[in-house]
Amino acid sequence: MIGPAIRLSLAIKSPHIPPMAILKIARMGHPVLRRPADPVKDPTAPDIRQLVHDMLETMEDADGAGLAAPQVHVPLRLVIFHVPEKRLAEGEPPDPEAGKVHVLINPVVEPIGDETDLGWEGCLSVPGLRGVVPRWRKVRYRAVGLDGEAIEREAEGFHARVVQHECDHLDGVLYPMRMNDLSLLGFEEEMGRYPVGSSSEEEEEEEEDV
Ligand code: NI
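Keep in mind it's a predicted model, so treat the numbers as computed, not measured.

Visitor: Would you explain the nonpolar core in this entry?
Guide: One recurring pattern in soluble globular proteins: nonpolar side chains tend to sit buried together. In this structure, Met55, Val79, Ile80 and Val163 are the most contacted members of the largest nonpolar core, which totals 41 residues. Looking at this core, the elements with two or more residues in it are helix H2 (46-61), strand S1 (66-68), strand S2 (78-82), strand S3 (101-111), strand S4 (116-123), strand S5 (126-136), strand S6 (138-144) and helix H3 (157-169). Aside from chain neighbours lying at most four places away, what touches Val79 is Gly66, Ala68, Leu104, Pro107, Glu166, Cys167, His169 and Leu170.

Spelled out as structure tokens, the structure:
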């Protein structure tokens with residue numbers, strides 16, 4: 001006799017139903033977020049593709065704009081992110097990369113010029129909080145993609161900010177560590193209720209954590 005529970009588990013193993021895994025997100029204080037992550041040896045390996053698939057599920061489930069592998073307890077140099085269309089609505093130049101999900105393996109980020117911007121950030125590993133963080137306005141980044149292809153891009157605005165935030169995770173850096181005014185760190189709920197008149201370039205709105 002096969003009971004209903006067993007029948008259910010057999011059904012889930014069907015090859016027509018892709019395995020889905022929403023991963024647990026590490027929170028500030030967990031050592032995986034403090035250590036430098038290791039390089040990915042083979043970006044085209046099937047387990048890396050599976051990791052990216054699971055990270056996408058996890059990012060979507062958490063309503064985030066970006067996620068770094070250490071945030072799901074995997075200490076590898078890999079990040080995913082997307083630049084939401086709404087972030088380009090005003091003030092920012094059109095970005096051909098908007099809306100796409102990017103996968104960066106072994107990324108390296110360098111600033112272009114020495115201008116910085118202040119902007120609000122949140123992080124899935126620091127839930128409930130928001131802070132104003134200085135970032136390079138313009139950056140160039142190099143990485144490898146899932147098919148082993150070389151990626152090189154220049155980015156500015158939110159795109160540059162999210163890349164800097166995610167790649168910081170690979171070096172054990174969380175956004176509060178980049179802040180130069182901790183009075184601009186607070187609970188999202190309170191910051192929304194009592195907006196801070198900061199010199200932030202970006203309006204605080206409903207933002208995705210990264
Ligand atoms: Ni983050």
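Visitor: Looking at this structure, I do not really get the pairing of S2. What am I missing?
Guide: Within a regular beta strand, the side chains point alternately toward one face of the sheet and then the other, so they alternate between its two faces. Where burial is concerned, most of S2 is hidden: five out of the five residues are buried. Summarising the sheet, S1 and S2 pair through three bridges and their orientation is antiparallel. Along S2, the bridge assignment pairs Ala68 with Val79.

Visitor: I keep staring at the sheet that holds strand S7 (residues 150-156) and nothing clicks. Help me out?
Guide: Where strands meet in a sheet, backbone hydrogen bonds hold them as pairs that are either parallel or antiparallel. Strands sit in the order S1-S2-S3-S6-S7 across an open sheet of five strands; the sheet is antiparallel. Of all the strands in the sheet, just S1 and S7 have a single pairing partner and so form its edges. Ignoring strand direction, the axes of neighbouring strands in this sheet form an average angle of 35 degrees. With five bridges joining them, S3 and S6 adopt antiparallel strand pairing. Opposite Val109, over in S6, you have Tyr141 as the bridge partner. Against the sheet, H2 engages S1, S2 and S3, with an angle of about 40 degrees to S2.

Conventions used here
Residues numbered from 1 in each chain as written. Predicted model: local features only at pLDDT ≥ 70, side-chain atom pairs only at ≥ 80, totals over all residues. Core = buried A, V, L, I, M, F, W, Y, C linked by C-beta atoms within 7 Å. Buried ≥ 20, exposed ≤ 12 C-beta atoms within 10 Å, placed from the backbone. Helix = DSSP H or I, 4+ residues; strand = E, 2+ residues; numbered from the N terminus. Contact = placed C-beta atoms within 7 Å. Pairing = 2+ DSSP bridges. Axes fitted to C-alpha atoms, helices over the stretch in contact; angles between N-to-C directions.

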